[in-house]
Amino acid sequence: MARELQFREAIREGMSEEMRRDSRVFIMGEEVAEYNGAYKVTEGMLAEFGEKRVIDTPIAELGFAGIGVGAAMMGLRPIVEFMTFNFSLVAIDQVINNAAKMHQMSGGQYHIPIVFRGPSQTAGQLAATHSQSFEPWYANTPGLKVVSVSTPRDAKGLIKAAIRDENPVLVMESEQMYGLKGEVPESDEFIIPIGMADIKKAGTDVTIISYGKMVHVCLNACKELEKMGINAEMIDLRSLRPIDYDALIQSVKKTNRCVVVEEAWPLCGIATELTYMIQRKAFDYLDAPVVRVTGADTPLPYAPTLIEAFLPNVKRVVDAVNTVMYR
């Protein structure tokens with residue numbers, strides 16, 4: 001059975017189910033308790049689980065991220081909410097130098113079952129310091145797992161998988177999608193394994209790969225391409241570390257063409273990695289070089305016209321597909 005939930009409700013349901021299942025799970029962050037969350041993701045959780053498991057923190061990301069890592073070392077399973085991953089820069093030492101490395105540096109004595117979650121990517125006119133896509137930054141780090149979700153169904157399945165994982169997992173959302181509605185299974189045991197891509201639309205002529213809210217841009221591009229007689233396959237990565245390379249390669253072997261779309265900056269991005277791996281592992285199957293579509297190589301401006309010019313859009317994706325189709 002399934003029913004329609006908002007994106008924020010699906011995340012909340014996944015976290016609440018895991019907190020009922022395992023008393024070691026707790027959540028902490030700015031405004032998660034009394035205010036019900038900055039984006040109302042944690043609404044009602046304080047009333048159900050109490051102040052010892054739903055904890056408001058000071059505005060001190062480095063401090064409460066470190067407390068989370070220490071709690072995980074001692075056997076608890078914390079969920080640390082960043083109001084936005086832009087603020088995680090204040091805590092990046094704890095995420096990269098402690099959470100990601102502790103298992104190896106302790107010779108396997110410590111697991112760090114911690115989830116860092118919150119919104120990433122752009123969210124309208126929030127200016128350059130609040131409008132950044134940090135997925136490639138964290139996916140570059142051995143010891144971390146990174147997921148970026150695009151639907152309520154995936155949000156619930158992957159937050160539950162992240163909480164149960166024995167490693168630090170970053171669940172990177174989009175505040176522009178918190179109100180998005182979609183069908184979500186009711187089962188308490190509905191889990192999507194980390195590391196599995198998902199074919200959001202099957203096709204035969206070209207493979208389009210993306211993640212996060214850009215998945216919806218790509219699906220809209222697929223509709224435009226259908227009008228032009230092009231049947232595109234759209235793959236949602238969902239997991240950015242590890243990456244489901246096999247699913248991508250199998251799709252490209254079928255379609256023989258590929259476009260990769262990502263909101264982040266072009267240098268050292270996920271799109272760059274995928275372009276290399278596809279051309280390395282599926283070179284003999286490609287009828288055209290892989291083309292990528294990314295955000296502009298500049299801090300995001302404030303003006304809405306410049307934001308529109310910065311972001312990948314349907315036209316840019318359609319143009320990229322036409323390029324690999326030699327049209």
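Our subject is the structure that appears above.
Calculation notes
- Here the residue index of a chain counts from 1 through its sequence in written order.
- For a predicted model such as this one, the threshold for reporting local features is a pLDDT of at least 70, and the threshold for listing and counting side-chain atom pairs is 80 or more; totals across whole chains, interfaces and linings nevertheless cover every residue.
- No hydrogens and no water enter the side-chain calculation; it runs on all heavy atoms of the structure.
- Two strands qualify as a pair provided DSSP detects at least 2 bridges between them.
- We count a stretch as a helix when DSSP gives it H or I for four or more residues in a row; a strand needs E for two or more, and each element gets its number in order from the N terminus.
- Each axis is a line fitted through C-alpha atoms, taken for helices only over the stretch in contact, and angles between the N-to-C directions span 0 to 180 degrees.
- Contact definition: two residues touch when any of their heavy atoms are within 4.5 Å.
- Only protein atoms enter the 1 Å grid, on which a cavity is a set of points fitting a 1.4 Å probe that cannot get out and a pocket is an open set with protein on both sides within 12 Å along at least 5 of 7 lines, lining residues being those with an atom within 4 Å of a point.
- Grid points are joined across faces, edges and corners, and a volume is the space filled by probe spheres set on the points.
- Each residue receives one of three labels: charged for Asp, Glu, Lys and Arg, nonpolar for Ala, Val, Leu, Ile, Met, Phe, Trp, Tyr, Cys and Pro, and polar for the others, Gly being one of them.
- For crossovers, right-handed means that the path from the first strand over the helix to the second runs clockwise, given strands pointing away from the viewer.
- Each reported salt bridge corresponds to a side-chain nitrogen of Lys or Arg within 4 Å of a carboxyl oxygen of Asp or Glu.
- Think of it in three bands: with a 1.4 Å probe and only protein chains considered, a residue is buried below 20% of the maximum accessible area for its type, exposed above 50%, and partly exposed in between.
- The definition of a nonpolar core used throughout is a set of buried Ala, Val, Leu, Ile, Met, Phe, Trp, Tyr and Cys residues joined through side-chain atoms within 4.5 Å.

**Q** Whenever I open this one, the sheet that holds strand β6 (residues 145-148) confuses me. Can you help?
**A** Hydrogen bonding along the main chain pairs the strands of a sheet, whether they run parallel or antiparallel. The seven strands lie next to each other as β3-β2-β4-β5-β7-β6-β12, forming an open sheet whose pairing is mixed. Two strands bound the open sheet, and with one partner strand each, they are β3 (54-56) and β12 (239-241). Across this sheet, the average inter-strand angle for adjacent strands is 20°, counted without regard to direction. Both strand β5 (residues 115-119) and strand β7 (residues 169-173) contribute to a ladder of five bridges, which runs parallel. Within the sheet, the bridge partner assigned to P119 lies in β7 and is E173. Here helix α3 (residues 61-73) sits on the sheet and contacts β2 (25-29), β4 (77-81) and β5; the angle it forms with β4, its principal contact strand, is near 165°.

**Q** Quick question: what am I supposed to make of the sheet that holds strand β10 (residues 206-210) here?
**A** One open sheet holds the five strands; their spatial order is β9-β11-β10-β13-β14, and the pairing between them is mixed. Strands at the two margins of the open sheet, each flanked by one partner only, are β9 (198-201) and β14 (291-293). Averaged over all adjacent pairs, the angle separating strand axes in this sheet is 25°, with direction ignored. Taken together, the three bridges between β9 and strand β11 (residues 232-236) define a ladder with antiparallel strand orientation. Looking at β11, one finds that D198 is bridged to D236. Sitting on the sheet, helix α10 (residues 270-281) is in contact with β10, β13 (258-261) and β14, with an inclination near 160° to β13.

**Q** Looking at this model, I keep getting lost on the layout of surface pockets. Mind explaining?
**A** A water-sized probe rolled over the atoms picks out the places where empty space is left. Considering only enclosed or pocket space, the largest pocket measures out at about 160 Å³ in volume. P136, A139, N140, L240, R241, I243, Y245, C268, G269, I270 and E273 are the residues that line the largest pocket. Looking at the lining of the largest pocket, the elements with two or more residues in it are α6 (135-139), β12 and α10. Of the residues that constitute the lining of the largest pocket, the class distribution is seven nonpolar, two polar and two charged.

**Q** What is the right way to read empty space enclosed by the protein from this model?
**A** Counted by the stated rule, this structure contains one cavity of 30 Å³ or more. As a volume, the largest cavity reaches approximately 40 Å³. Lining the largest cavity we find T122, S131, Q132, S133, E263, A264, W265 and F310. Taken together, the residues that form the lining of the largest cavity break down as three nonpolar, four polar and one charged.

**Q** Would you mind showing me how to read the pairing of β6 here?
**A** For a regular strand, the rule is simple: side chains alternate between the two faces of the sheet. In the sheet, β6 pairs with β7 via four bridges, with the strands oriented parallel. Bridge assignment links V147 to a residue of β7, and that residue is V171. Taken together, β6, helix α7 (residues 152-164) and β7 constitute a β-α-β crossover, and its handedness is right-handed. Relative to β12, β6 runs antiparallel, the two sharing two bridges.

**Q** For this particular structure, what's the right way to read the pattern of salt bridges?
**A** For side chains bearing opposite charge, pairing can occur when the charged atoms are close. On inspection of all chains with the given rule, the structure shows 26 salt bridges. A salt bridge links D236 to K200; the shortest N-O distance between them is 3.2 Å. Residue D236 is located in strand β11, and its partner K200 is located in strand β9; the two are separated by 36 residues in the primary sequence. Residue classification places D236 among the buried positions, given a relative accessible area of 0%. Looking at K200, the relative accessible area reads 25%, which means it is partly exposed. Here E263 ties to K213 by a salt bridge, and the two come within 2.7 Å at their closest N and O atoms. Highlighted residues: E263 in the loop between β13 and α10 and K213 in the loop between β10 and α8 (214-227), separated in sequence by 50 residues. For the pair E263 and K213, one class covers both residues: buried. By sharing partners, the salt bridges in this structure join R3, E13, E17, E18, R21, K156, K160, R164 and E189 into a single network.

**Q** Can you help me understand the environment of Y39 in this one?
**A** Mapped onto the elements, Y39 comes out in the loop between β2 and α2 (45-49). Taking C-alpha positions, Y39 is 9.6 Å from G118, a pair spaced 79 residues apart along the chain. Beyond its immediate stretch of four places on either side in the chain, Y39 contacts R8, M83, P119, E175 and Y178.

**Q** Explain the nonpolar core to me, please; I cannot follow it from the model alone.
**A** Soluble globular proteins tend to bury their nonpolar side chains together. F116 and I278 are the most contacted members of the largest nonpolar core, which has 45 residues in total. Of all the secondary structure elements, the ones that give two or more residues to this core are β2, α3, α4 (92-99), α6, β7, α9 (245-255), β13 and α10. In terms of residue count, the dominant contributor to this core is α3 (five residues). Setting aside residues no more than four positions away along its own chain, I278 makes contact with I209, I249, V252, C258, F283, L286 and V290. The next biggest cluster of nonpolar side chains, apart from the first, holds 35 residues, and it includes I11, V54, I79 and V184.

**Q** Honestly, the environment of F26 in this entry has me stumped. Any pointers?
**A** Mapped onto the elements of the fold, F26 is located in strand β2. Separated by 194 residues in sequence, F26 and N220 have C-alpha atoms that sit 38 Å apart. Excluding residues within four positions of it along the chain, F26 makes contact with M19, R53, I55, A71, L76, R77, P78 and I79.

Treat this as a map of the structure, not an account of what it does.
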